[in-house]
Amino acid sequence: EAQVTQNPRYLITVTGKKLTVTCSQNMNHEYMSWYRQDPGLGLRQIYYSMNVEVTDKGDVPEGYKVSRKEKRNFPLILESPSPNQTSLYFCASSFTGRFSTDTQYFGPGTRLTVL
Amino acid sequence: QKEVEQNSGPLSVPEGAIASLNCTYSDRGSQSFFWYRQYSGKSPELIMSIYSNGDKEDGRFTAQLNKASQYVSLLIRDSQPSDSATYLCAVNLPGAGSYQLTFGKGTKLSVIP
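Presented here is a report on the structure given in the accompanying data block. (Residues numbered from 1 in each chain as written. Chains lettered and ligands numbered in written order. Predicted model: local features only at pLDDT ≥ 70, side-chain atom pairs only at ≥ 80, totals over all residues. Heavy atoms only, no water.)

Right, let's get into the overall build of chain B. In terms of regular secondary structure, chain B is built from zero helices and eleven strands. The linear arrangement of helices and strands in chain B, starting from the amino end, is β-β-β-β-β-β-β-β-β-β-β. On C-alpha atoms alone, chain B measures out to a radius of gyration of 14 Å, which is about the 13 Å that the 2.2 N^0.38 rule sets for 113 residues. For the C-alpha atoms alone, the extent of chain B along its principal axes is close to 45 × 30 × 20 Å. Across the 113 residues of chain B, 46% fall into the buried class. When contacts within chain B are restricted to residue pairs at least 6 apart in sequence, long-range pairs at least 24 apart make up 54% of them. Counting only carbon and sulfur atoms, one obtains 47% of the accessible surface of chain B, whose full area is about 5,300 Å². (Helix = DSSP H or I, 4+ residues; strand = E, 2+ residues; numbered from the N terminus. Rg over C-alpha atoms; globule rule 2.2 N^0.38 Å. Buried < 20%, exposed > 50% of the residue type's maximum accessible area, 1.4 Å probe, protein only. Contact = heavy atoms within 4.5 Å. Areas by Shrake-Rupley, 256 points an atom, 1.4 Å probe, with all protein chains shown as cover.)

Have a look at this one:
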């Protein structure tokens, strides 16, 4: 089944404790992206990657890191989480990222709480 | 500045009626437009995309685009309770922004049986 998977789905952690949220897709997509969704603020892009070893900042990259060492994986790293990073996180992927012709598929989401 | 505006709702319509969802965007260079549906606690799923002025129909859904007025709308005919969800409008820019989608905050739709 073609899908985007994220792990963990739920995470409660404490301020300053490094964490990684994994994202994997099995559709051979070049483009992958991370979003966060907050009440009243909508869905905002954190980082995106157009291919292996190519990443770029989205609209809210502060406090986050990403890496793209393999085509299928795009982990989101919070080196020192803070309470304002409590949010619902979505990973997404598409074939090329050229949205004039492409469709973006979302993972199931990771609900993160930072105490 | 990229802005996509939607009424937050909730928009309530009776079952069987037409639901009309609207979205305006600030950047005249925007070229691709998308409607996503998001059920509570779930991930967004694409239901319509539209790239040129006019109407595009897919089953009970019709997307309408008017680039001159900078708005895009989604009509849902014969609304069903299962259509109750938040609908997100997303816009894509050409050039440097072409690898990003900017989302509106969403309109919550409730279809009353």
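Turning next to the sheet that holds strand 7 (residues 61-66) of chain B. For sheets, the rule is that strands pair by backbone hydrogen bonds, running either parallel or antiparallel. Residue and element names in this part refer to chain B. In spatial order, the strands read 1-3-8-7-6; together these five strands make up an open sheet with antiparallel pairing. Whereas interior strands pair on both sides, the edge strands pair on one side only; in this sheet they are strand 1 (4-6) and strand 6 (54-58). On average, each strand axis in the sheet is tilted by 20 degrees relative to the strand beside it, whichever way the strands run. Relative to strand 8 (residues 71-76), strand 3 (residues 19-25) is paired through six bridges, and the arrangement is antiparallel. (Pairing = 2+ DSSP bridges. Axes fitted to C-alpha atoms, helices over the stretch in contact; angles between N-to-C directions.)

Taken together, the contacts link 18 residues of chain B with 26 residues of chain A. Regarding the contact of chain B and chain A, the summed buried area is about 1,700 Å², with carbon and sulfur atoms giving 53% of it. The three residues of chain B that bury the most area against chain A are Tyr99(B), Gln100(B) and Phe103(B), which together make up 35% of that side's buried surface. Counting across the interface, chain B meets chain A through zero salt bridges. Where chain B packs against chain A, one counts four residue pairs in polar contact (both at pLDDT 80 or more). Only strand 4 (32-38), strand 9 (85-92) and strand 10 (101-103) of chain B provide two or more residues apiece to the side of chain B that touches chain A. Among the elements that make up the side of chain B that touches chain A, the one with the highest residue count is strand 4 of chain B (four residues). Looking at the side of chain B that touches chain A residue by residue, the classes come out as nine nonpolar, six polar and three charged. (Buried area = accessible area lost by both parts, 1.4 Å probe. Salt bridge = Lys/Arg side-chain N within 4 Å of Asp/Glu carboxyl O. Polar contact = N/O pair within 3.5 Å; in protein donor to acceptor, adjacent residues only side chain to side chain. Nonpolar A, V, L, I, M, F, W, Y, C, P; charged D, E, K, R; others polar.)

To continue, consider the packing of aromatic side chains. Enumeration according to the criterion identifies ten aromatic pairs over all chains in this entry. Seen in terms of ring centroids, Tyr25(B) and Phe33(B) are 4.8 Å apart; in terms of plane orientation they differ by 45 degrees. Their pairing is tilted. Grouping aromatic residues by their ring pairs yields a cluster made of Tyr35(A), Phe90(A), Phe106(A), Tyr36(B) and Phe103(B). The side chain of Arg68(A) reaches across the aromatic face of Phe74(A), ending 6.0 Å from its centre. (Phe/Tyr/Trp six-rings, centres within 6.5 Å; stacked < 30°, edge-to-face > 60°. Lys NZ or Arg CZ within 6 Å of the ring centre and 35° of its normal.)

What follows concerns the pattern of salt bridges. All names here are of chain A. In total, this model carries seven salt bridges over all chains according to the counting rule given. Residue Asp38 is joined to Arg44 by a salt bridge in which the shortest nitrogen-to-oxygen separation is 2.9 Å. On the basis of relative accessible area, Arg44 is assigned to the partly exposed category, the value being 24%. Salt bridges sharing partners connect three or more residues here, namely Lys18, Lys65 and Glu79.

The next subject is the state of the cysteines. One pass over the structure, following the stated rule, counts two disulfides over all chains. Linked covalently through their sulfurs, Cys23(A) and Cys91(A) form a disulfide whose S-S length is 1.8 Å. Note on the Cys23(A) and Cys91(A) pair: the S-S dihedral is about -75 degrees, so by sign convention the disulfide is left-handed. Taken as a pair, Cys23(A) in strand 3 (residues 19-25) and Cys91(A) in strand 9 (residues 87-94) lie far apart in primary sequence, 68 residues in all. Taking the relative accessible area as the measure of exposure, Cys23(A) reaches 2% and is therefore buried. Shown here is the disulfide that connects Cys23(B) with Cys89(B), its sulfur atoms set 2.1 Å apart. Its S-S torsion of about -70 degrees marks the bond between Cys23(B) and Cys89(B) as left-handed, since a negative value means left-handed. Placement of the pair is Cys23(B) in strand 3 and Cys89(B) in strand 9, with a sequence separation of 66 residues. Owing to a relative accessible area of 0%, Cys89(B) belongs among the buried residues under this scheme. (Disulfide = S-S within 2.5 Å.)

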